[in-house]
Amino acid sequence: MSINWNAYSAGNFYDELISSPGNARVCARGLISYLGSLSADEMEMRQQAADIVIREMGVSFTVYSDGENIDRSWPLDIIPRVIALKEWDTVAEGLRQRLKALNLFINDVYNEQQIIQDGIVPAELVLESRNFLKPCRGIGPPHGVWANICGTDLVRDEKGRFFVLEDNLRVPSGVSYMMENREVIKRVFPEMFEHYSIHPVDDYPSRLYEMLASLSPRKKSKPVIVVLTPGVYNSAYFEHSFLAQETGTELVEGCDLFVGDDDFVYVRTIDGAVRVDVIYRRIDDIFMDPEVFRKDSVLGVPGIMRSWKKGKVAIANAPGSGVADDKVIYAFVPEMIRYYLNEDAILPNVPTYLCMNPDERGFVLDHLDKLVVKPANESGGYGIVIGPHASESERRKAARNIRKTPRNFIAQPMLALSTAPTLCERNAEPRHLDLRPFILQGDSIYVTMGGLTRVALKKGSLVVNSSQGGGSKDTWIVERNI
Amino acid sequence: MLLSRVAERIYWLARYLERAQNTTQLINVQCHVLLDLPFGTELGWGTLLRITSTESSFFSRYKNLTERNIVKFMLADLDNPGSIMTSLRNARENIRTTRDILPFMLWEEVNELYLYANDHVSGSLTRRDRYEFLEEIRCGCQQIGGLLDRHLNRDEVFDFIKLGSYIERADMTTRILDVAASLLLKRGPSSSAIDDLLWMSVLKSLHGLTMYRRHYGPKVTAENVVQFALTHRQYPCAVGYSMQQIESLLATLKNPGEAKKITQSILRKLDDTEFSSLLEEPAAEKGLHGFLDHIQIDLIDLHGKISSAWFEYES
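Caption draft 1: Main features of the overall build of chain B. For chain B, the helix and strand inventory stands at 15 helices and zero strands. The globule rule puts the C-alpha radius of gyration for 315 residues at 20 Å, and the 19 Å found for chain B is close to it. Projecting the C-alpha coordinates of chain B onto the three principal axes gives extents of approximately 60 × 45 × 40 Å. Expressed as a percentage of the 315 residues in chain B, the buried residues total 57%. For chain B, the proportion of contacts with a sequence separation of at least 24, taken over those separated by at least 6, is 65%. Roughly 13500 Å² of accessible area belongs to chain B as shown, and the carbon and sulfur atoms make up 48% of that amount.

The structure is reproduced here in C-alpha cells:
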C-alpha cells in the first residue's frame, strides 16, 4: 500500500501539490510520483528517521506554557512543499519592494514625518502607538535602514494567489528551522536531491553576516559582531546559538556586555574588554536598556541606547523598528509603497478592517461570527479570535475588548488558506499552511529561496504557530519542473 | 576572542564529561575489589559516599546503605551533584549555551549520550546490567574526547577544555586512591595477598595496569602504585601528569595570576613526599588519606584562582 493520490482531495481549498484528485501540479509531478512509489511502511520509516535526526540534532523550541521544559522537538512533516522558481521570483520582488517601503516609512516617522504631514497615515496612529519609541527620534541608522531582518508571513487563498498576512520587523524567528529542515530532508530523501534542481537555502548565514558587517561603524575587515540573546530559556535560543555558530559571530547575553565611559560597547573576554561594532539583538526593545526603557530589565545593557544614538555601535534591527510591525499600520503598507516608491504593491494585503474607524468597527461587530479578530500588537498567534470557530462567550468578550480599545484591534475575513499533503497515520491528508520568507536589508536587499513553511497539524485547523500545535515542512523552489 | 562566560562554561563542560567518565571508573573499582576479595572480608559501599563527600546528601534521600541505593545515587540521582546523570545533564546544559563555538557534531554526540543514559539508567542498577551501562558511558565520553582532539582548533577554547579535564581527572585519581586507603583500614589483620589484589584493582580501574607494568615490572606493590598514580609524568591519569599539563597551559594563557604558583606547589608536594611512610597508617590523617585530602583542597584552591583570573567578569 502506498499513498493513493486518487483519493486525496483538498475540497475547495487550493492545494500546493495536487490540482485535482490524482493530478499533481506541474512543479510537483516528480515528487508526487516518487512519493507514490514508496510503500506506507517506507514512508513511515522515513518519517521516523526524520524524527530521530531532529531529536539528535537537538532542534528544539520552547513553549512558554511548558514551564522549564525547553526540549520539545520541532515537528517536521517530511512531505515537502514545492513552488516553481518563476512564481517565486515575482513573490521575492514583491517582498523586496515591501521592505524597502517599510524602511522608508520607519525612517520618515522618526525624522521628517512627511507621510503624516501629507495625510497618508493618521498622526495619532503612529505617535500614540506604544511601538513608537520617542528616544529614537532624529536617529539615522546606517543606510537609513531600521528593519534589517524581516520575516514576512504569506498565505495563499483558494485561487492560489499569494497575500501578505503580516510583516515581522522586531525579532522574527524561524530561519534556523528553514535551514535545519533542509538538512533533515536531504538525509531522508537524498534521491530527490540527486535528480532535481532544488534551490539551496544555506547561503542565508553568509548573507546575514555580510549585511551585519555592512552596518559596522568601524570600516575594518573583521568587525566585532555579536548576537545578543535573552538566554537559554528563550523560545528561540536554539536559533540564536545556531545563527551565531553559522555566521562565526559571538553569542552573548546582556551580562557579557557593558558600555564604557567613552560610550563604546564592550564585551568581557578572557583577555579583557573588546569593543563591539554590531549587535544583532534578539531581545525586545523594551528590555534593551534599563536606563531608557524597562528599569527592571536584567537582559539588556545599561547605556546601550546612548552608544547607539551616538553611532558608536550598530544595532539590528534598530530600536523602534516595531513601529511598522503593527497590524493597523500593516493596512497602510500598499499606500506607503505608492507614496515612497511610486509603484503598485506587487503582493496584496489581506483585506483588513480597522476597528478604530467607526464604520469599519460597526461592520466588524455585526459580523464577528464570520471574521478573524486580531490584536494589533501580539505575535505568536496569541489573542486571535477566529469568529466561526469561537464560542458565543468568546465572541462577546472580543466585542467588549474592541469597544474598549478599538485602536488595538483589526479584523480580517476568514481566509481559505491553501493546503498541502501531510503525512497522517500512514496516509497523506490536506493540512493548511503558510510561508515565512526572510528578507535582509543593509546596503542591498536579499530574499531567502522560499522560507519556512508552517503547517497546522490538526485537521481543519488554521493556526500554524509552533507555540500552538503547528509543525513545519521543507520548502522547495524548483527551477525545472520536477 | 573568547568570552569569559563562555570560557567558564566550556571549562565546566570538560569537567562534567571527565567526571561522568571518572565516576564509571570509581564504581568499577569498587565492584572489582568486591569480586576479587575472599568471602567474608568486610567491605562497605558507604566508602564511595565518603570518598565523593556526598554522605549528607545521600542520607537526606535514603535510609539504608545498600548497594542498590548507593548505585542508584551514584548513577541516576539528579540531587547528587556527582552522579553520572547530573554530570551528563550539566555537560549538556553547558554545551547548549556554547555550541556556537564548538564543532556541531560535538553537540550531537553529547546529546546522544545524554539521551542514551536517560533512557537506560533506571534499568542499569543490577550488577549484571550495570557493567554494560558504565561501559557505554565510558565509550561515549571517550568518543567525545576523540572528537575534540581531532576537530577543535588549538586555541584558548581548547586550553580551557584541557584545564577543566586535567583538574577533574587529578581530583578523581586522588579519590580512587582514597577508596583503596579506606579499604586497607577495613581489611582487618594485614594480609599481603589481599593488599596486592586491592592495588591491582586500583590500577585496573584507572585502566593503567599495563602502563604500570611497563614501568615497574610485573610486581604490584602499594608504594609503587601510589607513586605511579600520583607522581608519574608519562601516565595521563597520574596526578603529576595532569599538574604538569596544567602548568604548561597556564604558561600560554594571559594573566594566570596565582594559579601558576599553586600548580607548582602541588607538583613540589608530590615530588617531595616519601610514600612508604604514608602507607604505614594509610587511612589516618597523617597517612595517605590525609595527604590526598590536602591535594584535593589544593585543587579546589587552584579552581578558585582560575575562576578569578578568567571567569569573574567585572568591568
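Caption draft 2: Quick look at the packing of aromatic side chains. Scanning all chains against the criterion turns up 28 aromatic pairs over all chains. Three or more aromatic residues link up through ring pairs in this structure, and these residues are Tyr11(B), Trp12(B), Tyr16(B), Phe160(B), Trp310(B) and Phe311(B). Above the ring of Tyr14(A), the side-chain terminus of Arg25(A) is found at 4.0 Å from the ring centroid. Sitting above the plane of the Phe158(B) ring, Arg154(B) keeps its charged end 4.0 Å from the centroid.

Caption draft 3: Inspection of the pattern of salt bridges at higher detail. All told, the structure shown has 48 salt bridges over all chains when counted by the stated rule. Of the charged contacts, one joins Arg161(A) and Asp157(A) as a salt bridge, the two residues approaching to 2.7 Å between their closest N and O atoms. According to the relative accessible area criterion, Arg161(A) is partly exposed, its value standing at 44%. With its nearest N and O atoms 2.9 Å apart, the salt bridge here joins Arg169(B) to Glu18(B). Remark: Glu18(B) occurs in helix H1 (residues 4-36) and Arg169(B) occurs in helix H8 (residues 156-186); sequence separation between them is 151 residues. The same class applies to Arg169(B) as to Glu18(B), namely buried.

Caption draft 4: Summary view of the sheet that holds strand E8 (residues 225-229) of chain A. Residue and element names in this part refer to chain A. As summarised here, the arrangement of the four strands in space is E9-E8-E13-E14, forming an open sheet in which the pairing is parallel. The sheet is open, and its two edges are formed by strand E9 (250-253) and strand E14 (314-316), each paired on a single side. In this sheet, adjacent strand axes meet at a mean angle of 30 degrees when their direction is disregarded. Pairing of E8 with E9 involves four bridges; the strand directions are parallel. Pairing of Leu 228 across the sheet is with Val 252, part of E9. Sheet contacts for helix H9 (residues 237-247): E8, E9 and strand E13 (278-281); angle to E9, the most-contacted strand, approximately 140 degrees.

Caption draft 5: Just the pairing of strand E19 (residues 419-424) of chain A, in detail. Residue and element names in this part refer to chain A. Counting buried residues along E19, six of its six residues qualify, which places the element largely inside the surrounding structure. Burial along E19 is two-sided: the face carrying Thr 419, Pro 421 and Leu 423 and the face carrying Ala 420, Thr 422 and Cys 424 are both buried. Bridging between E19 and strand E20 (residues 427-436) involves six bridges; their strand directions are antiparallel. By the bridge assignment, Leu 423 is partnered in E20 with Ala 428. Following E19, the chain reverses through two residues before pairing antiparallel with E20; Glu 425 in that reversal takes a positive phi of roughly 50 degrees.

Caption draft 6: Inspection of the environment of Ile297(B) at higher detail. As for its placement among the helices and strands, Ile297(B) is situated in helix H15 (residues 288-311). As for Ile297(B) and Asp171(B), which are separated by 126 residues in sequence, their C-alpha atoms are 9.5 Å apart.

Caption draft 7: Molecular detail of the interface of chain B and chain A. Contacts between the two partners involve 31 residues from chain B, matched on the other side by 30 residues from chain A. Buried surface at the junction of chain B and chain A, both sides included, amounts to about 2700 Å², of which 50% is carbon and sulfur. When the area that chain B buries against chain A is broken down by residue, the three leading residues are Met1(B), Arg96(B) and Asp100(B), summing to 25%. At the boundary of chain B and chain A, one finds four salt bridges. Joining chain B to chain A, the criterion identifies nine residue pairs in polar contact (both at pLDDT 80 or more). At the level of elements, H1, helix H5 (84-96), helix H6 (104-120) and H8 of chain B are the ones that each hand at least two residues to the side of chain B that touches chain A. Counting residues per element, the side of chain B that touches chain A draws most heavily on H6(B), at seven residues. Residue composition of the side of chain B that touches chain A, grouped by class: 14 nonpolar, four polar and 13 charged.

Caption draft 8: Examining unusual backbone geometry more closely. Residues and elements named next belong to chain A. A cis amide bond, omega -15 degrees, links Ala 316 with the succeeding residue Asn 317. Relative to the helices and strands, Asn 317 is located in the loop between E14 and helix H12 (327-330). Positive phi is not limited to glycine here, since Asn 342 has a value of about 55 degrees. Relative to the assigned elements, Asn 342 resides in the loop between helix H13 (333-341) and strand E15 (353-354). According to the relative accessible area criterion, Asn 342 is exposed, its value standing at 68%.

Caption draft 9: Representation of the nonpolar core in the model. One finds Phe105(A), Ile279(A), Phe160(B), Leu163(B), Trp199(B) and Met243(B) to be the most contacted residues of the largest nonpolar core, which totals 181 residues. Broken down by element, the residue count for this core peaks at 16 residues, all from H8(B). If near-sequence neighbours (up to four positions away) are discounted, Trp199(B) is found in contact with Leu177(B), Ala180(B), Leu184(B), Val220(B), Ala222(B), Val225(B), Val226(B), Leu279(B) and Leu288(B).

Caption draft 10: Main features of the sheet that holds strand E16 (residues 371-375) of chain A. All names here are of chain A. Spatially, E15-E18-E16-E17 is the arrangement adopted by the four strands of the open sheet, whose pairing is antiparallel. Two strands bound the open sheet, and with one partner strand each, they are E15 and strand E17 (385-386). In this structure, E16 lies alongside E17, joined through two bridges in antiparallel fashion. Paired with Val 372 across the bridge in E17 is Ile 386.

Caption draft 11: Summary view of H9(A). Counting buried residues along H9(A), ten of its eleven residues qualify, which places the element largely inside the surrounding structure. Once H9(A) finishes, Gly248(A) follows within two positions and takes phi at roughly 65 degrees, a positive value.

Caption draft 12: Fine view of the side chain of Glu250(A). With respect to the secondary-structure elements, Glu250(A) resides in strand E9. For the buried Glu250(A), no salt bridge is present, and the opposite-charge side chain at shortest range is Lys222(A), 6.9 Å distant. Once residues lying within four places of it in the same chain are set aside, the contact partners of Glu250(A) are Ile225(A), Val226(A), Val227(A), Ala244(A), Met1(B), Leu3(B) and Ile101(B).

Caption draft 13: Quick look at the side chain of Asn103(A). Structurally, Asn103(A) can be placed in helix H3 (residues 85-109). Apart from residues lying up to four places away in sequence, Asn103(A) is in contact with Gly144(A), Val145(A), Trp146(A), Ala147(A) and Gln441(A).

Caption draft 14: Fine view of the packing of helix H4 (residues 67-75) of chain B against helix H7 (residues 127-151) of chain B. All names here are of chain B. Packing of H4 against H7 leaves a shortest axis separation of 12 Å and a crossing angle of 20 degrees. Overall, the two elements H4 and H7 adopt an arrangement that is roughly parallel. Considering how the two elements wind past one another, H4 and H7 form a crossing that is left-handed. The segment H4 lies against H7, with Glu 67, Val 71 and Leu 75 engaging Arg 127, Arg 130, Phe 133 and Leu 134.

Caption draft 15: Broad picture of H13(A). Residues and elements named next belong to chain A. Residues of H13 that are buried: Val 333, Pro 334, Met 336, Ile 337 and Leu 341. Projected down its long axis, H13 carries its buried residues within an arc of 155 degrees, all on one side. Check the buried side of H13 and you find it contacts H3, helix H4 (114-117), strand E7 (162-168) and H12. Downstream of H13 by a residue or two, Asn 342 has a phi angle that is positive, lying close to 55 degrees.

Caption draft 16: Spatial organisation of the pairing of strand E6 (residues 149-156) of chain A. Residue and element names in this part refer to chain A. Burial within E6 is extensive, with eight of its eight residues counted as buried. Pairing between E6 and strand E21 (residues 438-441): three bridges, direction antiparallel. Pairing of Gly 151 across the sheet is with Phe 438, part of E21. Two elements, E6 and E7, share six bridges in a ladder whose sense is antiparallel. By the bridge assignment for E7, Arg 156 is matched with Phe 162. Linking E6 back to E7 in an antiparallel pair, the connection comprises five residues, with Gly 160 at a positive phi of about 90 degrees.

The rules behind each value
- The written sequence of each chain sets the order in which its residues are numbered from 1.
- Chains carry letters from A onward and ligands carry numbers from 1 onward, assigned in written order.
- It should be noted that, the model being predicted, local features are given only for residues of pLDDT at least 70 and side-chain atom pairs only at 80 or more, the latter also being counted only at that level, while totals for whole chains, interfaces and linings use all residues.
- The side-chain quantities take in all heavy atoms of the structure and omit both hydrogens and water.
- By definition, any uninterrupted DSSP run of H or I lasting at least four residues is a helix, any uninterrupted run of E lasting at least two residues is a strand, and each is numbered from the N terminus.
- In this setup the radius of gyration rests on C-alpha atoms only. A globule is expected at 2.2 Å times the number of residues raised to 0.38.
- Working definition: with a 1.4 Å probe on protein chains only, accessible area under 20% of the residue-type maximum means buried, over 50% means exposed, and in between means partly exposed.
- It only takes one pair of heavy atoms within 4.5 Å for two residues to be counted as in contact.
- Residue exposure ignores everything except the shown protein chains as possible cover, and the areas themselves are Shrake-Rupley values with a 1.4 Å probe.
- Only Phe, Tyr and Trp rings take part, Trp by its six-membered ring, and two of them pair if their centres are within 6.5 Å. Stacked means planes under 30 degrees apart, edge-to-face means over 60, and tilted covers everything else.
- Two conditions define a charge located above a ring, namely a distance within 6 Å from the ring centre to NZ of Lys or CZ of Arg, and an angle within 35 degrees of the ring normal.
- Salt bridge, as applied in this entry: a Lys or Arg side-chain nitrogen positioned within 4 Å of an Asp or Glu carboxyl oxygen.
- Strand pairing is assigned whenever DSSP identifies at least 2 bridges connecting the two strands.
- Lines are fitted to the C-alpha atoms to define the axes, a helix being fitted only along its stretch in contact, and any angle between axes, read from their N-to-C directions, falls within 0 to 180 degrees.
- Simply put, the buried area is the total loss of 1.4 Å probe accessible area from both parts when two parts are fitted together.
- Distance and chemistry together define a polar contact, namely a pair of N or O atoms within 3.5 Å, with one atom able to donate a hydrogen and the other to accept it when in protein, and with adjacent residues in sequence counting only for side-chain atoms on both sides.
- Polar here means any residue other than Ala, Val, Leu, Ile, Met, Phe, Trp, Tyr, Cys and Pro, which are nonpolar, and Asp, Glu, Lys and Arg, which are charged; Gly is therefore polar.
- Residues grouped as a nonpolar core are buried Ala, Val, Leu, Ile, Met, Phe, Trp, Tyr and Cys residues, joined through side-chain atoms within 4.5 Å.
- By the counting scheme adopted, Arg and Lys are positive, Glu and Asp are negative, and His together with the chain ends is not counted.
- The labels follow the angle: roughly parallel below 35 degrees, roughly antiparallel above 145, roughly perpendicular from 65 to 115, and oblique for the rest.
- When the near helix sits turned anticlockwise from the far one by under a right angle, the crossing is termed left-handed; a clockwise turn instead gives a right-handed crossing.
- It is the directions from the helix axis to the C-beta atoms that the arc portrays.

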